[in-house]
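Structural overview for review
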Amino acid sequence: MSETRSDGELLRAAADGDRRAFEELYRRFAPWLTARLRGRCADAGVVDDVVQETFLAIWRGKARYREEGDVAGWLWRIGSRRLVDALRGDGARGRLRQTLARLRHRHEVSAEERVLAGVEHGDLAGALIRLSPELRAVLQATVIDGLTTREAAVVLGIPPGTVKTRAMRARKQLREALA
């Protein structure tokens, strides 16, 4: 009967090129990491890509465990950072936009273009122009692009609380300008 190796032992062996250790490490942690990341991102494709990239980083030696903390926490840090990078890079959303753009006929006007054309000459257009660039960027991200507060925070490089505050200020200024 073979001994069960600790997580740290598996990591060290996998880093040294032991394929069986790597496979065991993957079996132990991939389902757990996938479940945790799906709590942060609804796109299963993005999550699966991030899990694969996390374990590839270990296999290729790009991520080294320094014997600090538990292995699960270390894997979570790698996976969550890679998820942020994927979202920041507009991974899944970008792929969706590209797919929709290929399906859309060139002569058709998009919903956004119709709305913006209707607003272009109205009071709303002037009110939007008078907003500061920071407030307009938050509206662009949350209203037009449809990002969540967290996603907008990643894209804009600001804390989620700042996104909420700027969105509130932008709505207030727009209400006052249109009243």
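Residues numbered from 1 in each chain as written. Predicted model: local features only at pLDDT ≥ 70, side-chain atom pairs only at ≥ 80, totals over all residues. Heavy atoms only, no water.

Points about the overall build of the protein
- What the protein contains, in helices and strands, is ten helices and zero strands.
- In the protein, the succession of α and β elements from N to C terminus is α-α-α-α-α-α-α-α-α-α.
- Within the protein, the fraction of its 179 residues that count as buried is 29%.
- The long-range fraction of contacts in the protein, counting pairs at least 24 apart against all pairs at least 6 apart in sequence, stands at 56%. (Helix = DSSP H or I, 4+ residues; strand = E, 2+ residues; numbered from the N terminus. Buried < 20%, exposed > 50% of the residue type's maximum accessible area, 1.4 Å probe, protein only. Contact = heavy atoms within 4.5 Å.)

Brief notes about the packing of aromatic side chains
- Throughout the structure, instances matching the rule amount to three aromatic pairs.
- Ring geometry for F29 versus W32: centroids 6.4 Å apart, planes at 80 degrees, classification edge-to-face. Placement of the pair is F29 and W32 together in helix α2 (residues 19-38), with a separation of three residues, close to one helical turn.
- Judged by relative accessible area, which is 30%, W32 ranks as partly exposed.
- The ring of W76 has R36 sitting right over it, with the charged end atom 3.9 Å from the ring centre. (Phe/Tyr/Trp six-rings, centres within 6.5 Å; stacked < 30°, edge-to-face > 60°. Lys NZ or Arg CZ within 6 Å of the ring centre and 35° of its normal.)

Observations regarding helix α1 (residues 7-15)
- Of all the positions in α1, only G8, L10, L11, A13 and A14 are classed as buried.
- Buried residues belonging to α1 abut α2, α3 (44-59) and α4 (71-88).
- Of the residues trailing α1, G17 is marked for its positive phi of about 95 degrees.

What about the environment of D7?
- Within the secondary structure layout, D7 lies in helix α1.
- In this structure D7 comes out as partly exposed when scored by relative accessible area, which is 27%.
- Here the alpha-carbon distance between D7 and E24, two residues 17 residues apart in the chain, equals 9.3 Å.
- Setting aside residues up to four positions removed in sequence, D7 forms contacts with L25, R28, F29 and V71.

So, the nonpolar core
- By size, the foremost hydrophobic cluster in this structure holds 25 residues, and its most contacted members are L25, F29, L37, V51, F55, I58 and L75.
- Residues V138, L147, A153 and V163 belong to the second largest nonpolar core, which totals eight residues. (Core = buried A, V, L, I, M, F, W, Y, C linked by side-chain atoms within 4.5 Å.)

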